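# Report on the structure
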Amino acid sequence: MSLMKQQVYNLKEFAARHHLESIYGAYASHIHIDDLCEKDFIEMALERTLFTKLMLVNRGSIRMGILQHGVETEKSDRMLSASELLVVSPKHIVTFSDMSDDFEAEIIFVDEEIAADVVYQLSDDKLKSALDIFHMIGDIVRHQHINKVEMIQSMVNVLKLLVSELPYENVTITRDLKHKKDVYEIFLHLLYRHFRTERQIRFYADKLNVSAPYLSRMIKEISGTTVNDHISSLLYKEICNLLHQTDMSLGEISTYLNFCDQSAMTNFFKIRAGMTPLAYRNQL
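Quick caveat: nothing in here was measured; it's all calculated off a predicted structure.

Conventions we followed
- Residues numbered from 1 in each chain as written.
- Predicted model: local features only at pLDDT ≥ 70, side-chain atom pairs only at ≥ 80, totals over all residues.
- Heavy atoms only, no water.
- Helix = DSSP H or I, 4+ residues; strand = E, 2+ residues; numbered from the N terminus.
- Expected span 1.5 Å × (residues − 1).
- Buried < 20%, exposed > 50% of the residue type's maximum accessible area, 1.4 Å probe, protein only.
- Arc of directions from axis to C-beta.
- Contact = heavy atoms within 4.5 Å.
- Polar contact = N/O pair within 3.5 Å; in protein donor to acceptor, adjacent residues only side chain to side chain.
- Salt bridge = Lys/Arg side-chain N within 4 Å of Asp/Glu carboxyl O.
- Pairing = 2+ DSSP bridges.

When the terminal C-alpha atoms of helix H10 (residues 262-273) are compared, their 16 Å separation across 12 residues agrees well with the 16 Å that a helix rising 1.5 Å per residue should span. Along H10, the positions that sit buried rather than exposed are Met265, Thr266, Phe268 and Phe269. Burial along H10 is one-sided: seen end-on, the buried residues are contained in an arc of 165 degrees. Contacts made by the buried residues of H10 are with helix H8 (227-245), helix H9 (250-256) and helix H11 (277-282). Among the residues of H10, the N-terminal cap falls to aspartate 261, whose side-chain oxygen and the backbone nitrogen of serine 263 are separated by 3.2 Å. Looking one or two residues past H10, glycine 274 carries a phi angle of roughly 75 degrees, positive in sign.

Here we take up the pattern of salt bridges. Evaluated as defined, the whole model comprises nine salt bridges. Measuring nitrogen to oxygen at the nearest pair gives 2.5 Å for the salt bridge that ties arginine 17 to glutamate 47. Placement of the pair is arginine 17 in helix H1 (residues 11-18) and glutamate 47 in the loop between helix H2 (38-45) and strand E4 (48-49), with a sequence separation of 30 residues. Under the relative-accessibility criterion, arginine 17 is labelled partly exposed at 45%.

Within the open sheet, the six strands sit side by side as E2-E3-E11-E5-E9-E12. Their pairing is antiparallel. The open sheet has two free edges, formed respectively by strand E2 (23-24) and strand E12 (118-121), since each of these has just one partner strand. Sheet topology places strand E5 (residues 52-59) next to strand E11 (residues 104-110); seven bridges connect them, and they run antiparallel. Bridge pairing links arginine 59 to glutamate 104 in E11.

The subject of this paragraph is the side chain of lysine 53. Summarising the element assignment, lysine 53 is placed in strand E5. A distance of 3.4 Å separates the side chain of lysine 53 from the backbone oxygen of phenylalanine 51, its partner in a polar contact. Ignoring sequence-local partners within four residues, the contact set of lysine 53 consists of Leu86, Val87, Val88, Ser89, Pro90, His92, Ile108 and Phe109.

Bringing unusual backbone geometry into the picture now. Positioned with a positive phi, serine 83 is a non-glycine residue whose angle comes to about 75 degrees. Considering the arrangement of structural elements, one finds serine 83 in the loop between strand E8 (78-81) and strand E9 (84-88). The exposure class of serine 83 is buried, given its relative accessible area of 17%. Despite not being glycine, aspartate 98 shows a phi value in the positive range, around 55 degrees. Topologically, aspartate 98 is positioned in the loop between strand E10 (93-97) and E11.

Let us now look at the side chain of threonine 52. Looking at where threonine 52 falls in the secondary structure, it is placed in strand E5. In this structure the side chain of threonine 52 is engaged in a polar contact, spanning 2.6 Å, whose partner is the backbone oxygen of glutamate 112. Other than its neighbours up to four places away in sequence, threonine 52 contacts Val87, Val88, Pro90, Ile108, Phe109, Val110, Glu112, Glu113 and Ile114.

Moving on, we get to H8. With 19 residues, H8 should reach 27 Å at 1.5 Å per residue; the first-to-last C-alpha distance of 27 Å fits that figure. Within H8, burial applies to Val227, His230, Ile231, Ser232, Leu234, Leu235, Glu238, Ile239, Cys240, Leu242 and Leu243.

In structure tokens:
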């Protein structure tokens, strides 16, 4: 059967056809290539689909080409190797061959429009960020979460922002509203990872390649609250969680959350809870 006459699969149909287990509806899926034999992987890539494919190579190499309207596009044939990210749009089909024996990669399938048909060579920092996002999406897809849809959408937005910035490492972030919302998503991602140790706006501004005053205004504009409000809210919730879920002492909690001392944490908590951490723990 020619490529033009092939069935076009949405993600749910595609997952059922290839027995993929890490999938959420017709929206997102995460797989490891080493879970598949080479023949299955090559055949899978030739399917016509309605979703974007992102492949992050962890180890080894593989030769790829991109088909458009059933014909390999000019100069698309090349080797993919470790630390490279391939993004393929729904309208194209990728051919693979010459997979090395040690080849390992991860793939995200997502029913979203992402800048596509590009291979990116990732720096160490960008590779770590991409791996974190791939693993978070995989974890959300595989496990039960109350806000599963929102969590996946948030991580996909972070992924889209990461991909959009890869060719433009040194370009200042644009100021349009849509992009501000994307930057807000990645700010939240950074905050969740670093709030226990990083309290300064400058840290997050530097990560996002914007000035601290601009980040402060943007977060207030998008969310209605300040950067400090976001940090304080997460800290307060984390203290409550540690007081309730662990037997850590107040000194241990203050050290873990990078307060200068136990008194500083107690004062911080008392302002928000109206009681000391010890009183909060004793009432549980």
